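Notes for the structure review
Now for the letters of each chain:
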Amino acid sequence: MPQQSKLTAIGFSRVGGMAAIGFAAMITLSNVVMVPAGLPLTGAETSEVTEFFATEGTAVGIGSALVPAAWILATLFGAGALIALRRSERERDEAWSLLGLAGLALQNVTFAGVVATRLALASTAAHDPSATSALWALHDAVFTLNGTFLALALLGLSVGGLRTGLIRPWHGAMGLLAAALQFSSASLTHWVMAGGALGLLGLVGWLLWVVWIVAYGITLIRHKPTTSVRRTTHDHTHAVPA
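Report on the accompanying structure. No experiment lies behind these values; they were computed from the predicted model shown. (Residues numbered from 1 in each chain as written. Predicted model: local features only at pLDDT ≥ 70, side-chain atom pairs only at ≥ 80, totals over all residues. Heavy atoms only, no water.)

A look at the overall build of the chain
Assigned secondary structure in the chain consists of 11 helices and 2 strands. Here the chain, with 242 residues, has 40% of them falling under the buried criterion. Put simply, 73% of the contacts in the chain that link residues at least 6 apart link residues at least 24 apart. Carbon together with sulfur atoms contributes 67% to the accessible area of the chain, which is approximately 12,500 Å² in total. (Helix = DSSP H or I, 4+ residues; strand = E, 2+ residues; numbered from the N terminus. Buried < 20%, exposed > 50% of the residue type's maximum accessible area, 1.4 Å probe, protein only. Contact = heavy atoms within 4.5 Å. Areas by Shrake-Rupley, 256 points an atom, 1.4 Å probe, with all protein chains shown as cover.)

Quick look at the structure:
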């Protein structure tokens, strides 16, 4: 028999777990670069936005350069979680893991719009500040609405993980709380864009999301395929490879 590849030997769910931790590291590093540089908050004044994007193009470029890798890692995480959950879900005719993977894919696409808008602002703010107000409003709207897809990912993989016993109750509860906060922020986008305390909904939800995905990654790395037990009409047990 041919020698197994390293990927097969590691196990795809473990690859997904490592990708989850890598994703969290990438998005955290991106924020570590841009936030100290003065990235404006949702609802910031146009003058503040213009000054940041006109003078901090390097920070925007570095922060944006990390995001494509984060999207790939997020998709790998979703696929790894699906592998860990799907067999048990099929037995119950459920698809929570597919829902979670769809949420991750949709948030990747949506956040591409956020990053594209930031790059457009960095290119135009110094030369044509008249476009800044409209571009920043678009940025804030897409950024906040992205919470819908984060909520979908959190909901699907939290419920799926709880129902299959992959994750612990506290972990699932954290995911559901983060999903509720993200969805509430997205639903209130019009008012969040005006600034103020409502912006904390999305911020707290995002922080919980980062902790949740790191914990999920550790769970997938530790996960070992088990055997499911099937009973016949004669009550004999047969091990079925998972």
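Things to note about the packing of helix H6 (residues 96-124) against helix H7 (residues 132-145)
Two elements in contact, H6 and H7, have axes separated by 9 Å at closest approach and are oriented at 160 degrees. Between H6 and H7, the angle falls in the class roughly antiparallel. For the pair H6 and H7, the crossing hand works out as left-handed. When H6 is examined against H7, the residues Thr110, Phe111, Val114, Thr117, Arg118, Ala120, Leu121 and Thr124 are found in contact with a partner set consisting of Thr132, Leu135, Trp136, Leu138, His139, Val142 and Phe143. Grouping the amino acids of the contact of H6 with H7 by side-chain chemistry returns 9 nonpolar, 5 polar and 1 charged. (Axes fitted to C-alpha atoms, helices over the stretch in contact; angles between N-to-C directions. Parallel < 35°, antiparallel > 145°, perpendicular 65-115°, else oblique. Left-handed = near helix turned anticlockwise from the far one by under 90°. Nonpolar A, V, L, I, M, F, W, Y, C, P; charged D, E, K, R; others polar.)

So, the nonpolar core
Note that soluble globular proteins tend to have their nonpolar side chains buried in a common cluster. Formed by 31 residues in total, the largest nonpolar core has its most connected members in Phe23, Phe77, Leu157, Trp209, Trp212, Ile213 and Tyr216. Broken down by secondary-structure element, the contributors of at least two residues to this core are helix H2 (12-37), helix H5 (67-91), helix H8 (147-164), helix H9 (169-187) and helix H11 (199-222). If we ignore the near neighbours within four places in the chain, the residues touching Trp209 are Phe23, Ile27, Leu104, Leu150, Leu154 and Ala178. Among the nonpolar cores identified, the runner-up in size contains 10 residues, and Leu39, Val49, Phe52 and Trp136 belong to it. (Core = buried A, V, L, I, M, F, W, Y, C linked by side-chain atoms within 4.5 Å.)

Comments concerning the layout of surface pockets
Where empty space is left becomes clear once a probe the size of a water molecule has been rolled over the atoms. In this structure, the largest pocket spans a volume of roughly 940 Å³. Lining the largest pocket are 35 residues, and of these Asn31, Arg118, Phe143, Leu203 and Trp206 sit closest to its centre. At the level of secondary structure, the elements contributing two or more residues to the lining of the largest pocket comprise H2, H5, H6, H7, H8, H9 and H11. Looking at the lining of the largest pocket, the element that brings in the most residues is H11, giving 7 residues. When the residues that make up the lining of the largest pocket are grouped by side-chain class, the tally is 20 nonpolar, 14 polar and 1 charged. (1 Å grid on protein atoms, 1.4 Å probe; cavity = no way out; pocket = protein on both sides within 12 Å on 5 of 7 lines; lining within 4 Å. Points joined across faces, edges and corners; volume = space filled by probe spheres on them.)

Considering H9
For H9, spanning 19 residues, the distance from its first C-alpha to its last is 27 Å, which sits close to the expected 27 Å at 1.5 Å a residue. Of the surrounding elements, those touching the buried residues of H9 are H7, H8, helix H10 (189-192) and H11. (Expected span 1.5 Å × (residues − 1).)

Let's talk about H2
The end-to-end C-alpha separation of H2 is 38 Å, in line with the 38 Å expected for 26 residues at 1.5 Å each. A positive backbone phi angle near 110 degrees is found at Gly38, which sits one or two residues after H2.

Things to note about the side chain of His223
Its place among the elements puts His223 in the loop between H11 and strand S1 (227-231). Setting aside anything within four residues of it in sequence, one finds His223 in contact with Ser13, Arg14, Ala84 and Leu166.

Re the packing of aromatic side chains
This model, assessed by the stated rule, comprises 8 aromatic pairs. For the ring pair Phe53 and Trp136, a centre distance of 5.8 Å and an interplane angle of 55 degrees mean the geometry is tilted. With Phe53 in helix H3 (residues 46-55) and Trp136 in helix H7, this residue pair connects regions lying 83 residues apart in the sequence. A centroid spacing of 6.2 Å and a plane angle of 55 degrees characterise the contact between Phe111 and Phe143, whose relative ring orientation is tilted. Placement of the pair is Phe111 in helix H6 and Phe143 in helix H7, with a sequence separation of 32 residues. (Phe/Tyr/Trp six-rings, centres within 6.5 Å; stacked < 30°, edge-to-face > 60°.)

Considering the pattern of salt bridges
A full pass over the atoms with the stated rule returns 3 salt bridges. Among the ionic pairs, Arg86 bridges to Glu89, the shortest N-O distance being 3.4 Å. With Arg86 and Glu89 both in helix H5, this residue pair falls 3 residues apart, about one helical turn. With respect to burial, Arg86 and Glu89 carry one shared label: buried. (Salt bridge = Lys/Arg side-chain N within 4 Å of Asp/Glu carboxyl O.)

Here we look at the environment of Glu89
Of the residues examined, Glu89 reaches a relative accessible area of 0% and is grouped as buried. Along the chain, Glu89 and Gly161 lie 72 residues apart, while their C-alpha atoms are 9.9 Å from each other.

Some points on a nonpolar patch on the surface
Nonpolar side chains collect at one region of the surface, where Met18, Ile21, Ile218 and Ile221 lie side by side and expose about 290 Å² of accessible area between them. Positionally, Ile218 belongs in helix H11. (Patch = residues over 30% accessible without salt bridge, like charges linked within 9 Å, V, L, I, M, F, W, Y side chains within 5 Å.)

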